[in-house]
Amino acid sequence: MRLVRQNGKSAGKAKKRALLALAALGVGAVVSGCAADAGAGREQGAPAAHGQQPRLAPPAQALREYAQRLRASQAARAAAAKRWGLAKPPLAAPAGPAAKPRLTTRKGFEVRGQAELPPVFTTVPTKDKVVFLTVDDGAEKDPAFLRMMSDLKIPYTAFLSDYLVKEDYGYFKRMRDHGVALNNHTLNHRYLPALSYEAQRREICGMQDVIERRYGKRPELFRPPYGNYNRDTLRAARSCGVKAVPLWASEGFADHMEWREWDKDLHPGDIILTHFRGREDWKGTMPDMVRTVLKTVTDRGYAVARLEDYL
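Residues numbered from 1 in each chain as written. Predicted model: local features only at pLDDT ≥ 70, side-chain atom pairs only at ≥ 80, totals over all residues. Heavy atoms only, no water.

A. Structural view of the layout of surface pockets. Approximately 370 Å³ is the volume attributed to the largest pocket. Lining the largest pocket are 19 residues, with Ala 181, Asn 183, Lys 217, Glu 220 and Glu 308 sitting closest to its centre. Broken down by secondary-structure element, the contributors of at least two residues to the lining of the largest pocket are strand S4 (181–184) and helix H7 (197–215). It is S4 that contributes the most residues to the lining of the largest pocket, three residues altogether. Class assignment of the residues belonging to the lining of the largest pocket gives a composition of ten nonpolar, two polar and seven charged. As a volume, the second largest pocket reaches approximately 270 Å³. For the second largest pocket, the lining is made up of 14 residues, of which Leu 70, Ser 73, Gln 74, Arg 77 and Ala 92 are closest to its centre. When residues of the lining of the second largest pocket are traced back to their parent elements, those giving at least two are helix H3 (58–83) and helix H4 (143–152). Considering every element that reaches the lining of the second largest pocket, the biggest residue donor is H3, with seven residues. The residue inventory of the lining of the second largest pocket, partitioned by class, reads eight nonpolar, two polar and four charged. (1 Å grid on protein atoms, 1.4 Å probe; cavity = no way out; pocket = protein on both sides within 12 Å on 5 of 7 lines; lining within 4 Å. Points joined across faces, edges and corners; volume = space filled by probe spheres on them. Helix = DSSP H or I, 4+ residues; strand = E, 2+ residues; numbered from the N terminus. Nonpolar A, V, L, I, M, F, W, Y, C, P; charged D, E, K, R; others polar.)

B. Just the pattern of salt bridges, in detail. For the structure on display, the rule yields 15 salt bridges. Among the salt bridges present, the one from Lys 295 reaches Asp 299, with a minimum N-O distance of 2.7 Å. Taken together, the residues span about one helical turn, with Lys 295 and Asp 299 both in helix H9 (residues 286–299) at a distance of four residues. Note on Lys 295: relative accessible area 55%, which makes it exposed. Classification of Asp 299 by relative accessible area gives partly exposed; the value is 38%. Here the salt bridges share partners, and the residues they tie into one network are Lys 88, Lys 295 and Asp 299. (Salt bridge = Lys/Arg side-chain N within 4 Å of Asp/Glu carboxyl O. Buried < 20%, exposed > 50% of the residue type's maximum accessible area, 1.4 Å probe, protein only.)

C. Highlighting the packing of helix H6 (residues 169–177) against H7. Viewed as axis vectors pointing N to C, H6 and H7 meet at an angle of 70 degrees, and their least axial separation amounts to 11 Å. It follows from the interaxial angle that H6 and H7 lie roughly perpendicular. Residues Tyr 169, Phe 172, Lys 173 and Arg 176 of H6 form the contact with H7, whose participating residues are Val 210, Arg 214 and Tyr 215. Split into classes, the residues belonging to the contact of H6 with H7 amount to four nonpolar, no polar and three charged. (Axes fitted to C-alpha atoms, helices over the stretch in contact; angles between N-to-C directions. Parallel < 35°, antiparallel > 145°, perpendicular 65-115°, else oblique. Contact = heavy atoms within 4.5 Å.)

D. Structural detail: the pairing of strand S2 (residues 130–137). Counting buried residues along S2, eight of its eight residues qualify, which places the element largely inside the surrounding structure. Judged from the two bridges that link them, S2 and strand S9 (residues 303–304) form a sheet pairing that is parallel. Across the sheet, Val 130 pairs through a bridge with Ala 303, a residue of S9. Bridging between S2 and strand S8 (residues 271–275) involves five bridges; their strand directions are parallel. The residue of S8 that forms the bridge with Asp 136 is His 275. (Pairing = 2+ DSSP bridges.)

E. Fine view of the nonpolar core. Counting residues in hydrophobic clusters, the biggest one holds 43 residues, and the most contacted among them are Phe 145, Leu 152, Tyr 156, Phe 172, Met 175, Leu 182 and Phe 276. Among the elements that make up this core, the one with the highest residue count is H9 (six residues). Not counting residues within four places of it along the chain, the set of residues in contact with Leu 152 comprises Arg 77, Ala 80, Ala 81, Trp 84, Leu 86, Pro 90 and Leu 294. In terms of nonpolar packing, the next biggest core, distinct from the first, is built from 32 residues, Phe 109, Ala 199, Phe 222 and Tyr 310 among them. (Core = buried A, V, L, I, M, F, W, Y, C linked by side-chain atoms within 4.5 Å.)

F. The arrangement of the environment of Thr 233 in detail. Relative to the helices and strands, Thr 233 resides in helix H8 (residues 231–239). Since its relative accessible area comes to 0%, Thr 233 is described here as buried. With sequence-adjacent residues up to four places away left out, Thr 233 is seen in contact with Leu 192, Gln 200, Ile 204 and Phe 222. Within the structure, Thr 233 has its side chain in polar contact with the side chain of Asn 230 (distance 3.0 Å). (Polar contact = N/O pair within 3.5 Å; in protein donor to acceptor, adjacent residues only side chain to side chain.)

G. Geometry of the confidence of the model for the protein. Looking at the protein as a whole, the pLDDT averages 86, with 83% of positions reaching at least 70. Under a pLDDT of 50 for its full length, residues 1–46 has, in the predicted model, 28 contacts with residues more than four places off or in other chains. (pLDDT = per-residue confidence, 0-100.)

H. Spatial organisation of the packing of aromatic side chains. Per the counting criterion, the structure on display carries six aromatic pairs. A centroid spacing of 5.0 Å and a plane angle of 80 degrees characterise the contact between Tyr 171 and Phe 172, whose relative ring orientation is edge-to-face. In this structure, Tyr 171 and Phe 172 share a single accessibility class: buried. Both rings, one in Phe 253 and one in Trp 282, keep their centres 6.3 Å apart while their planes meet at 70 degrees; by these two values the pair is edge-to-face. Of this pair, Phe 253 sits in the loop between strand S6 (250–252) and strand S7 (257–259) while Trp 282 sits in the loop between S8 and H9, and the two are 29 residues apart along the sequence. With relative accessibility at 15%, the residue Phe 253 sits in the buried group. (Phe/Tyr/Trp six-rings, centres within 6.5 Å; stacked < 30°, edge-to-face > 60°.)

I. Structural detail: H9. In a regular helix each residue adds 1.5 Å, so 14 residues correspond to 20 Å; H9 covers 20 Å between its end C-alpha atoms and thus fits that length. In terms of burial, H9 is largely enclosed, as ten of its 14 residues are buried. Those residues of H9 not exposed but buried are Met 286, Pro 287, Met 289, Val 290, Thr 292, Val 293, Leu 294, Thr 296, Val 297 and Thr 298. Buried residues belonging to H9 abut S2, H4, S6, S7, S8 and S9. In the stretch just after H9, Gly 301 is the one whose phi turns positive, near 80 degrees. (Expected span 1.5 Å × (residues − 1).)

This is the structure we're talking about:
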């Protein structure tokens, strides 16, 4: 009898340890009522009333609440996708990395003395199956675009030019208030390599000043108009506080995608470019562009992540 009692105690302890481990790791999301009662529920007090779930120990309760929030978030995402005409809900991006990847200039994109200048890249080094959406200039100020991106909870980064933004600074303030990072695309969208160093510096530093004054934060990211730059561009950008120069690997339009890479495909960490444009320039609207981009991204198994979380 002593041997049987000892084995029973050991089995009970092992079962309890296993339940706690499952709860801590998030594996036991479907803890049954009887398991909760046997392993933890009785320790919390009286049994639950008829029709109620049993009271759980704190780790299991936290796990249950997380699962409930996750289901609610997925349901809301699916409903938003349906409202905006998407065949599939966008995939949710993972949390950004704790250790940011080291950024280097893409081969062939270097200028003389590149090691001392902000890196120029089209893809962020990551193994996560994520891409990054960036929107340039500020010409079209479509309120439906703001609603759609907020409703779907799709992160994106804006690169702004003052000659277009100044028509309605408030539109981009609403964007900023929804967590969108506003970055530098120069004052007047000039072809920078044709300008002197001082003229380039006025274009870049001037836009830094505008964004800081209007929106409260000096940008660290800069994208040269048309993707064209020279050594003076990067020197001027560095002097204005720019840390990195993201270009793009593909471009989204209202009715199609265009590709920089030969395989015409997405890759982990790719940056997607699009513009603030509407029917005057495209065969569609900004929401049409979002649908095209998200269909491409989702069909290929990618999620849109926040660029700043990886830089």
